[in-house]
Amino acid sequence: MRYLRLIICLMRYHFLRILEFRTEVVSWWIVNLMWPILALLSTNIIFGQVNSVAGWTKNEVLLVVCLQEIFIGVIWIFAIPSLIDFAKLIPKGDFDQLLLKPVNLRFLITFNKFEFDQYPRIFIMAYITSKILMGFGVVNMINIILGVVIFFIGVILFYNLYFIISTTTFWFTKLHNLEDFFADIMNFGRYPVYIFNNGLRFLLTYVIPAAFMSTFPAQAFLGRLNILYLILGIFVCVVSFIFSQWFWNFALKRYSSASS
Amino acid sequence: MHKHLRLIYFFVKTELASHTQYRLGMVTWIINGAIAPLLMMFIWLVVSGNAALTLSQSQIISYYIITLLIARITQCWSIEDVGKEIRRGNFSSRLIKPYHYIDEEWGSTLGKKIVRLIPLIPLLSVLALIFNRSLSYRTDSESILLFLLSLILGIFVRFYLSNLLAVFTFWLNEYHSLEFLHNSFMEIFSGHLLPLALMPVVLRTVAEVSPFRFFISFPAEIAIGLASPEAIVSGFGVGIIYILGFRILYNYLLTAALKKFTAYGQ
């Protein structure tokens, strides 16, 4: 309950902060719509040449693209801005101040910052996703729930992955261009992983879990997901969280401040 | 001229020293900007198996791999660097220096390019090994020379366009939206994600007259032999016109901006 109140407090703080720069927020809302437009445009250009790619039709691929854009929007609400901020604290020497706070450190680093630029992107892509799904016929609520669960499994998996990468800042001191690095990794989920050969498909399912970002949720919404992937996803979520926590504690024990 | 070159060389060294303080952190640059083009390469290879495209599979692979190199070479950060300084009020310190800040921008940009090219070598090596049999580039001396000249053309076009857009920060008090708009148009019209040859006619026509084409597509087309001699000549002509136009507009707008510029706290 205490941590939930803290999250609400931090969200309110950041929301009030952006209200100081309303024009900038609106311009960011517009600008952040360019990327989904690009993704949809390039998909349409591809399907101007063919009717299907690796057995996936145009609407099915558009569903994957929309889910990937929603995923990017969701993970940009708190995870990526907070982790990028954390990665900047260590070279500046400001991390020590966080160590002294009476709050779980991982919680503070994860929910330190909230961005509200992505909401129009999420809502518009969610609307397009719903239109695409309705185009497939009767919408099954169980499939929707399954798709949403798999989607948030992907969010947690990517959060854990990014958290582990950000933790390496303790050794690297300064990770250049982390924001673009995170965005590059998320590009793997733009199209169905089935376009790749078996080796890459394995990598993008079990190592960099791009399949959980958009391909598996899309399959779940369409009622085509093998339930084993849901069980696998939950298992990998738990394992990755435990590993990320262990790695975090391992890194903290070896941390020595440059200045306080 | 000699003074400018010495200044630029100095700032290149400064930038290299600054970025190599934390060398391990450069590992993130290995894949920086490479995933999306490689993903599109895989998509088009799958599509080419089911449809007759204007590019062969060999040309698709050669195109996307060379664009990884070209994109790094022509990349420019001036919109963010200069825009940030204007926005934060630090730009005044650049104005009182005994040289034009554009020399510092040149040095900084060239230094950053060099630093970001180094991590690209392992990725390009791996790709060259994997796709060795599919790569086909023009290797005659004339084509190599034209390719190098087109790279220089692309560097200049992008540099002056970026600095021109950065000047608008004086009026807008904001540079992020300028940068994003620039990057969005660049992604569409530069050929970074989609070769111009595979675009619909309308988009291709716009891309061919836009300056973004010189960032990536024009050098790539020369490298893989897609551009006809007439297209190469007209391309260089248009590129030079863009450079002169952007430079003239930049000088005019910068003069106008500095007349009304005020900064606080520095």
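Residues numbered from 1 in each chain as written. Chains lettered and ligands numbered in written order. Predicted model: local features only at pLDDT ≥ 70, side-chain atom pairs only at ≥ 80, totals over all residues. Heavy atoms only, no water.

### A word on the overall build of chain B
Across its full length, chain B holds 13 helices and zero strands. Secondary structure elements of chain B occur, N-terminal to C-terminal, as α-α-α-α-α-α-α-α-α-α-α-α-α. Its C-alpha atoms give chain B a radius of gyration of 20 Å, within 12% of the compact-globule value 18 Å for 266 residues. Taking all 266 residues of chain B together, 55% fall into the buried category. Excluding contacts between residues fewer than 6 apart, the proportion of contacts in chain B whose partners are at least 24 apart in sequence is 81%. Accessible surface computed for chain B: about 12,200 Å², of which carbon and sulfur atoms make up 66%. Charge-centre separation for chain B: the mean point of 21 positive side chains lies 6 Å from the mean point of 15 negative side chains. (Helix = DSSP H or I, 4+ residues; strand = E, 2+ residues; numbered from the N terminus. Rg over C-alpha atoms; globule rule 2.2 N^0.38 Å. Buried < 20%, exposed > 50% of the residue type's maximum accessible area, 1.4 Å probe, protein only. Contact = heavy atoms within 4.5 Å. Areas by Shrake-Rupley, 256 points an atom, 1.4 Å probe, with all protein chains shown as cover. Lys, Arg positive; Asp, Glu negative; His and termini not counted. Charge placed at Lys NZ, Arg CZ, Asp CG, Glu CD.)

### Side note on the interface of chain A and chain B
Each partner contributes residues to the interface: chain A has 36 residues there, and chain B has 36 residues. Carbon and sulfur atoms supply 78% of the area buried between chain A and chain B, which totals about 3,400 Å² over both sides. Summed over the shared surface of chain A and chain B, the result is zero salt bridges. Put simply, chain A and chain B have two residue pairs in polar contact (both at pLDDT 80 or more) between them. Looking at the side of chain A that touches chain B, the elements with two or more residues in it are helix 2 (22–31), helix 3 (34–46), strand 1 (52–53) and helix 11 (178–186) of chain A. Tallying contributions element by element places helix 3 of chain A first for the side of chain A that touches chain B, with seven residues. Across the side of chain A that touches chain B, the residue classes tally to 22 nonpolar, nine polar and five charged. (Buried area = accessible area lost by both parts, 1.4 Å probe. Salt bridge = Lys/Arg side-chain N within 4 Å of Asp/Glu carboxyl O. Polar contact = N/O pair within 3.5 Å; in protein donor to acceptor, adjacent residues only side chain to side chain. Nonpolar A, V, L, I, M, F, W, Y, C, P; charged D, E, K, R; others polar.)

### So, the pattern of salt bridges
Residues and elements named next belong to chain A. Applying the stated criterion across every chain, the model contains ten salt bridges over all chains. Between glutamate 60 and arginine 224 there is a salt bridge; the shortest N-O distance is 2.7 Å. One end of the pair, glutamate 60, is in helix 4 (residues 58–75); the other, arginine 224, is in the loop between helix 13 (210–221) and helix 14 (227–253), with 164 residues separating them in the sequence. Look at arginine 224 and you get partly exposed, because its relative accessible area is 45%.

### Focus on the packing of aromatic side chains
For the structure on display, the rule yields 50 aromatic pairs over all chains. The interplanar angle of 50° and the centroid separation of 6.5 Å between the aromatic rings of phenylalanine 181 of chain A and phenylalanine 182 of chain A together place this pair among those described as tilted. By the burial criterion, phenylalanine 181 of chain A is buried, and phenylalanine 182 of chain A matches it. Here phenylalanine 218 of chain B and phenylalanine 236 of chain B contribute two aromatic rings whose centre-to-centre distance is 5.3 Å and whose plane-to-plane angle is 75°, an arrangement assigned as edge-to-face. With phenylalanine 218 of chain B in helix 12 (residues 217–223) and phenylalanine 236 of chain B in helix 13 (residues 229–260), the pair connects residues that are 18 residues apart, well separated along the chain. A single burial state applies to phenylalanine 218 of chain B and to phenylalanine 236 of chain B, both of which are buried. Taken together, the ring pairs in this structure connect Phe71, Phe151, Phe152, Phe158, Tyr162, Phe181 and Phe182 of chain A into an aromatic cluster. If you follow arginine 213 of chain B out to its NZ or CZ, it ends over the ring of phenylalanine 214 of chain B, 5.7 Å from the centre. (Phe/Tyr/Trp six-rings, centres within 6.5 Å; stacked < 30°, edge-to-face > 60°. Lys NZ or Arg CZ within 6 Å of the ring centre and 35° of its normal.)

### A short note on the nonpolar core
Phe95, Tyr162 and Met186 of chain A together with Trp44 of chain B are the most contacted members of the largest nonpolar core, which has 173 residues in total. Those residues in contact with methionine 186 of chain A that sit more than four places away from it in its chain are Gln68, Phe71, Ile72, Ile75, Trp76, Ile80, Phe158, Tyr162 and Met213 of chain A. (Core = buried A, V, L, I, M, F, W, Y, C linked by side-chain atoms within 4.5 Å.)

### Thoughts on a nonpolar patch on the surface
Taken together, the side chains of Phe202, Leu203, Tyr206 and Val207 of chain A present a nonpolar region at the surface, about 370 Å² in accessible area. Tracing the sequence through the fold places phenylalanine 202 of chain A in helix 12 (residues 198–207). (Patch = residues over 30% accessible without salt bridge, like charges linked within 9 Å, V, L, I, M, F, W, Y side chains within 5 Å.)

### Side note on the confidence of the model for chain B
Looking at chain B, pLDDT values average 89 and 98% of them are 70 or higher. Prediction confidence for the complex, expressed as pTM and ipTM, is 0.87 and 0.83 respectively. (pLDDT = per-residue confidence, 0-100.)

### Details of the side chain of glutamine 118 of chain A
Summarising the element assignment, glutamine 118 of chain A is placed in the loop between helix 7 (105–110) and helix 8 (119–135). Among all residues touching glutamine 118 of chain A, those that are not within four sequence positions of it are Asn32, Gly73 and Trp76 of chain A.

### Digging into the environment of valine 157 of chain B
Residues and elements named next belong to chain B. Among the structural elements, valine 157 can be located in helix 8 (residues 141–167). Through-space distance from the C-alpha of valine 157 to that of glycine 245 is 9.8 Å; in sequence the pair is 88 residues apart. Leave out the neighbours within four places in its chain, and valine 157 touches Pro211, Phe214, Phe215, Gly239, Ile243 and Phe246.

### Quick word on helix 11 of chain A
Of the residues making up helix 11 of chain A, those classed as buried are Leu178, Phe181, Phe182, Asp184, Ile185 and Met186 of chain A. Contact partners of the buried residues in helix 11 of chain A: helix 4, helix 5 (79–92), helix 9 (141–167) and helix 13 of chain A together with helix 2 (35–48) of chain B.

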